[in-house]
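Fold and geometry: a report
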Amino acid sequence: MENNSEFLEKNGYLILENFVSEDNLNKIKKGFEEHTKYIRDLGLEGISGPEKNIANEKILNYCPGILDIVNNKSLNHLLEKYLGKNFKILNIYPTISKPIKADANDQRNFNKDESLCCYHHDQIGKQLKLIIVLHDIDENQNCLEYAVQSHKVGILDQYIIKFFNFFGFFKNWDKSIINHFFLKILGRNPAFLKEKTISKKFKIKQVYAKSGAVFMFDTNGYHRQKPANEFTDFNILRKTIFLDCAPEKQLARSKIRMKFETINKDLYQKMGNYFR
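The structure presented is a predicted model; accordingly, all values stated were derived computationally and were not measured.

Turning our attention to the sheet that holds strand 7 (residues 223–225). Pairing within the open sheet is antiparallel, and its three strands lie in the order 5-4-7. Edge positions in the sheet fall to strand 5 (204–207) and strand 7, since each of these pairs with one other strand and no more. Averaged over neighbouring strand pairs, the angle between their axes works out to 20° when direction is ignored. Relative to strand 7, strand 4 (residues 144–147) runs antiparallel, the two being bridged by three bridges. Bridged to Leu144 within strand 7 is Gln225.

Relative to the assigned elements, Ile89 resides in strand 2 (residues 88–97). Residue Ile89 is classed as buried on the basis of its relative accessible area of 1%. Put simply, Ile89 and His180 are 91 residues apart on the chain and 26 Å apart in space, counted from C-alpha to C-alpha. Non-local contacts of Ile89, meaning those with residues more than four positions away in its chain, are made with Val70, Leu243, Asp244, Cys245, Phe260, Met271, Tyr274 and Phe275.

Most of strand 6 (residues 214–218) sits out of view: five of its five residues are buried. What you see with strand 6 is no split at all: Val214, Met216 and Asp218 on one side and Phe215 and Phe217 on the other are buried throughout. In this structure, strand 1 (residues 13–16) lies alongside strand 6, joined through four bridges in antiparallel fashion. Each bridged residue has a counterpart across the sheet, and for Ile15 the counterpart in strand 6 is Phe215. The pairing of strand 3 (residues 128–133) with strand 6 spans five bridges and is antiparallel. For Lys129, the partnering residue across the bridge sits in strand 6 and is Phe217.

For the structure on display, the rule yields 14 aromatic pairs. On the basis of an interplanar angle of 40° and a centroid distance of 5.7 Å, the ring pair of Tyr268 and Phe275 is categorised as tilted. For Tyr268, a relative accessible area of 24% translates into the label partly exposed. Within the aromatic cluster, the residues linked to one another by ring pairs are Phe163, Phe164, Phe166, Phe167, Phe170 and Phe181. The ring of Tyr82 carries the charged tip of Lys126 above its face, separated from the ring centre by 4.4 Å.

Now for the pairing of strand 2. For strand 2, the tally of buried residues reaches nine of 10 residues, placing the bulk of the element in the interior. Across nine bridges, the pairing between strand 2 and strand 8 (residues 238–246) is antiparallel. For Pro94, the partnering residue across the bridge sits in strand 8 and is Ile241.

Before going further, it helps to spend a moment on the nonpolar core. Grouped together as the largest cluster of nonpolar side chains are 53 residues, with contacts concentrated most on Ile66, Ile89, Ile92, Ile132, Ile241 and Leu243. If sequence neighbours within four positions are ignored, Ile241 has contacts with Ile28, Phe32, Ile59, Cys63, Ile66, Ile92, Tyr93, Pro94, Leu130, Ile131, Ile132 and Leu134. Residues Tyr119, Ala147, Leu193 and Ile198 belong to the second largest nonpolar core, which totals seven residues.

Ordered in space as 1-6-3-8-2, the five strands form an open sheet in which the pairing is antiparallel. This sheet does not close on itself; its edge strands, each paired only once, are strand 1 and strand 2. Direction aside, neighbouring strands of the sheet carry axes that sit 15° apart on average. Along the sheet, helix 1 (residues 4–11) makes contact with strand 1, strand 3 and strand 6, crossing strand 1 at roughly 145°.

Now for the side chain of Asn142. By the element assignment, Asn142 lies in the loop between strand 3 and strand 4. Looking at Asn142, its side chain comes within polar contact range of the main-chain oxygen of Ser97, at 2.9 Å. Within the structure, the side chain of Asn142 is placed 3.4 Å from the backbone oxygen of Lys98, a separation counted as a polar contact. When near neighbours in sequence (up to four residues on either side) are disregarded, Asn142 contacts Ser97, Lys98, Pro99, Ile137, Gln225 and Arg238.

The next subject is the confidence of the model for the protein chain. Summary statistics for the protein chain give a mean pLDDT of 88 and a share of 93% for residues scoring 70 or more. When the criterion is pLDDT under 50, residues 104–114 qualifies, and its contacts beyond four places in sequence or with other chains add up to 17 contacts.

Rules and cut-offs
Residues numbered from 1 in each chain as written. Predicted model: local features only at pLDDT ≥ 70, side-chain atom pairs only at ≥ 80, totals over all residues. Heavy atoms only, no water. Pairing = 2+ DSSP bridges. Helix = DSSP H or I, 4+ residues; strand = E, 2+ residues; numbered from the N terminus. Axes fitted to C-alpha atoms, helices over the stretch in contact; angles between N-to-C directions. Buried < 20%, exposed > 50% of the residue type's maximum accessible area, 1.4 Å probe, protein only. Contact = heavy atoms within 4.5 Å. Phe/Tyr/Trp six-rings, centres within 6.5 Å; stacked < 30°, edge-to-face > 60°. Lys NZ or Arg CZ within 6 Å of the ring centre and 35° of its normal. Core = buried A, V, L, I, M, F, W, Y, C linked by side-chain atoms within 4.5 Å. Polar contact = N/O pair within 3.5 Å; in protein donor to acceptor, adjacent residues only side chain to side chain. pLDDT = per-residue confidence, 0-100.

Listed below in structure tokens is the structure:
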């Protein structure tokens, strides 16, 4: 029987049910709502940018129980085995997600074919996105759809990357390079693949979980928010906390990374090794 580490390495995703204790979960939920009010009072609800990132990192002040989750021995060992001994947390942020129709003209979609409801990878290389589930996520309410094993870098890709590395190019590149060039030549965004292409090549896993679960996936793999359907209740919002965890080598070259300078000093001292 596969253990969690082997399963994650093989498939690119992992669900840990009932991972957060009831007491800690209730405290995190309470802190989440208080932080949501804080964001609303600042007038930052529904927008993005540097100011919002600074406000989002304060979720740690409102939900210090996140530290207990990260420091859990079994989870910590899992992250170290997958990302390396000195893995780093690039970002921690709360999310309140609404259901989206596949053809929605949402302001976050930079064109009709490239949206949250289209399969994509995060263009960062090896990274685990760890999600703390605050309210039940079912298959019809914003669940994650993940292309199983799409996180793996193929043998031919590895040889081509080594060839470029020999000449000093594509250092620390740890995702598919063939697909990247092919889509670039076609004039398409290399982070996105069409649903038909994904469905032919990979098995699709719908990742949903109960409140108190923690699940994670390698963002090198193709994933999307499942489009709304006839069973979707548009009045239900998905409330979660995301942690972006990556190998230490990506700390310096990461384009999107929180500084965590505004969190409680005592908490920063306890978590500092994850940030720097």
